[in-house]
Amino acid sequence: MASTMGQPSGAAAGGAAKPNKFSNAGAAAGGFIGAMGSTFVPPINVTVNRNTTTTLSQGRERPQAQSLLPEPDFTSPAQVRNYCNTLRAASITLAIEVAMAAEILKGVLAVVPDPDGRLGGSRMRAGRVARKLQKSADELRSAGVAAAATYAVFQQQYEEEINRVRHRARRPQTPRIDWTRQ
């Protein structure tokens, strides 16, 4: 059996022995960590302060609202295209996230026991609830498709005006080398 008493250096064989006060410190710390390991959660605080303002076209400032879409300022074909493309991309991204949420919700609710004790009753209830969220995902996907179709119809309906402006907006051709002048 190991002794917790240590001999001080330079002590005589018959001298008084002092206890080693650090010999059980590891065991005490290990016991504390083991006892608290599964219940100890360190406090974490995250604070984000972001104060931004956006200047409108008239020079007024308004608080920044986190929007997924650009301003609906349709003064050029490029802005119509940008709005429709941004709406399409946001709709498809949200549709994927909502579809994933529907599957997660279905999985979480499926483990809740059925109050009537029916076989498969909890999965049927979960499916009924998640079906509404899945329908939201389908509608978001449809909104993305409709946004892409909006720009296609815009191009068809205003093709003449777009081509008229596009012709004037072309860059002049780069000057060619005139080999006759030397």
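Residues numbered from 1 in each chain as written. Predicted model: local features only at pLDDT ≥ 70, side-chain atom pairs only at ≥ 80, totals over all residues. Heavy atoms only, no water.

(A) How the structure looks around the overall build of the protein. Secondary structure assignment for the protein yields four helices and four strands. Along the protein, helices (α) and strands (β) appear in the sequence β-β-α-β-β-α-α-α when read from the amino end. Within the protein, buried positions represent 12% of all 182 residues. Accessible surface, the protein: about 15600 Å² in total, of which carbon and sulfur atoms supply 57%. (Helix = DSSP H or I, 4+ residues; strand = E, 2+ residues; numbered from the N terminus. Buried < 20%, exposed > 50% of the residue type's maximum accessible area, 1.4 Å probe, protein only. Areas by Shrake-Rupley, 256 points an atom, 1.4 Å probe, with all protein chains shown as cover.)

(B) Representation of the side chain of Ser91. The residue Ser91 is located in helix α2 (residues 77-110) in this model. Exposure remark for Ser91: the relative accessible area of 5% places this residue in the buried category.

(C) Quick look at the packing of α2 against helix α3 (residues 121-157). Taken N-terminus to C-terminus, the directions of α2 and α3 make an angle of 170°; their axes are 8 Å apart at the nearest point. With respect to each other, α2 and α3 are oriented roughly antiparallel. When the residues that make up the contact of α2 with α3 are grouped by side-chain class, the tally is 25 nonpolar, seven polar and six charged. (Axes fitted to C-alpha atoms, helices over the stretch in contact; angles between N-to-C directions. Parallel < 35°, antiparallel > 145°, perpendicular 65-115°, else oblique. Nonpolar A, V, L, I, M, F, W, Y, C, P; charged D, E, K, R; others polar.)

(D) Looking closely at the nonpolar core. Residues Val80, Cys84, Tyr151, Phe154 and Ile162 constitute the largest nonpolar core, which totals five residues. Of all the secondary-structure elements, those providing two or more residues to this core are α2 and α3. Not counting the four nearest positions on each side in its chain, Phe154 is found in contact with Pro77, Val80 and Ile162. (Core = buried A, V, L, I, M, F, W, Y, C linked by side-chain atoms within 4.5 Å. Contact = heavy atoms within 4.5 Å.)

(E) How the structure looks around a positive patch on the surface. A surface patch of like charges, here positive, comprises Lys106, Arg123, Arg128, Arg131, Lys132 and Lys135. Considering every element that reaches the positive patch, the biggest residue donor is α3, with five residues. (Patch = residues over 30% accessible without salt bridge, like charges linked within 9 Å, V, L, I, M, F, W, Y side chains within 5 Å. Salt bridge = Lys/Arg side-chain N within 4 Å of Asp/Glu carboxyl O. Lys, Arg positive; Asp, Glu negative; His and termini not counted. Charge placed at Lys NZ, Arg CZ, Asp CG, Glu CD.)

(F) Up close: the pattern of salt bridges. A complete count under the given rule lists three salt bridges for this structure. Ionic pairing is found between Asp138 and Arg141, a salt bridge with its closest N-O pair at 3.0 Å. Placement of the pair is Asp138 and Arg141 together in helix α3, with a separation of three residues, close to one helical turn. Taken together, the salt bridges that share partners define one network made up of Asp114, Arg118 and Arg125.

(G) A look at the packing of aromatic side chains. Evaluated as defined, the whole model comprises three aromatic pairs. Pairing Phe74 with Tyr83 gives two aromatic rings, centres 5.2 Å apart and planes at 90°, and the pair type is edge-to-face. The exposure class assigned to Phe74 is partly exposed, which follows from its relative accessible area of 46%. The buried category is assigned to Tyr83, whose relative accessible area is 19%. Both rings, one in Phe154 and one in Tyr158, keep their centres 5.4 Å apart while their planes meet at 35°; by these two values the pair is tilted. Three or more aromatic residues joined by ring pairs form one cluster here, namely Tyr151, Phe154 and Tyr158. (Phe/Tyr/Trp six-rings, centres within 6.5 Å; stacked < 30°, edge-to-face > 60°.)

(H) Structural context of α3. Taking 1.5 Å of rise per residue, 37 residues should cover 54 Å, and α3 covers 53 Å from first to last C-alpha, within 8% of that figure. Approximately 25° is the largest bend angle found in α3, and it occurs at Arg131. (Expected span 1.5 Å × (residues − 1). Bend = angle between axes of the 7 residues up to and from the residue.)

(I) Structural view of α2. Its 34 residues place the ends of α2 49 Å apart at the C-alpha level, agreeing with the 50 Å of an ideal helix rising 1.5 Å per residue. Of the positions making up α2, those classed as buried are Val80, Tyr83, Cys84, Ala90, Ser91, Ala95, Val98, Ala99 and Ala102. Buried positions along α2 lie against α3.

(J) Region of the structure containing the environment of Arg131. If you trace the backbone, Arg131 turns up in helix α3. According to the relative accessible area criterion, Arg131 is exposed, its value standing at 55%.

(K) Focus on the side chain of Ser122. With respect to the secondary-structure elements, Ser122 resides in helix α3. A distance of 3.0 Å separates a polar atom in the side chain of Ser122 from the backbone oxygen of Ala110. Not counting the four nearest positions on each side in its chain, Ser122 is found in contact with Leu109, Ala110, Val112, Pro113 and Asp114. (Polar contact = N/O pair within 3.5 Å; in protein donor to acceptor, adjacent residues only side chain to side chain.)

Function cannot be read off these values alone, since they describe shape.
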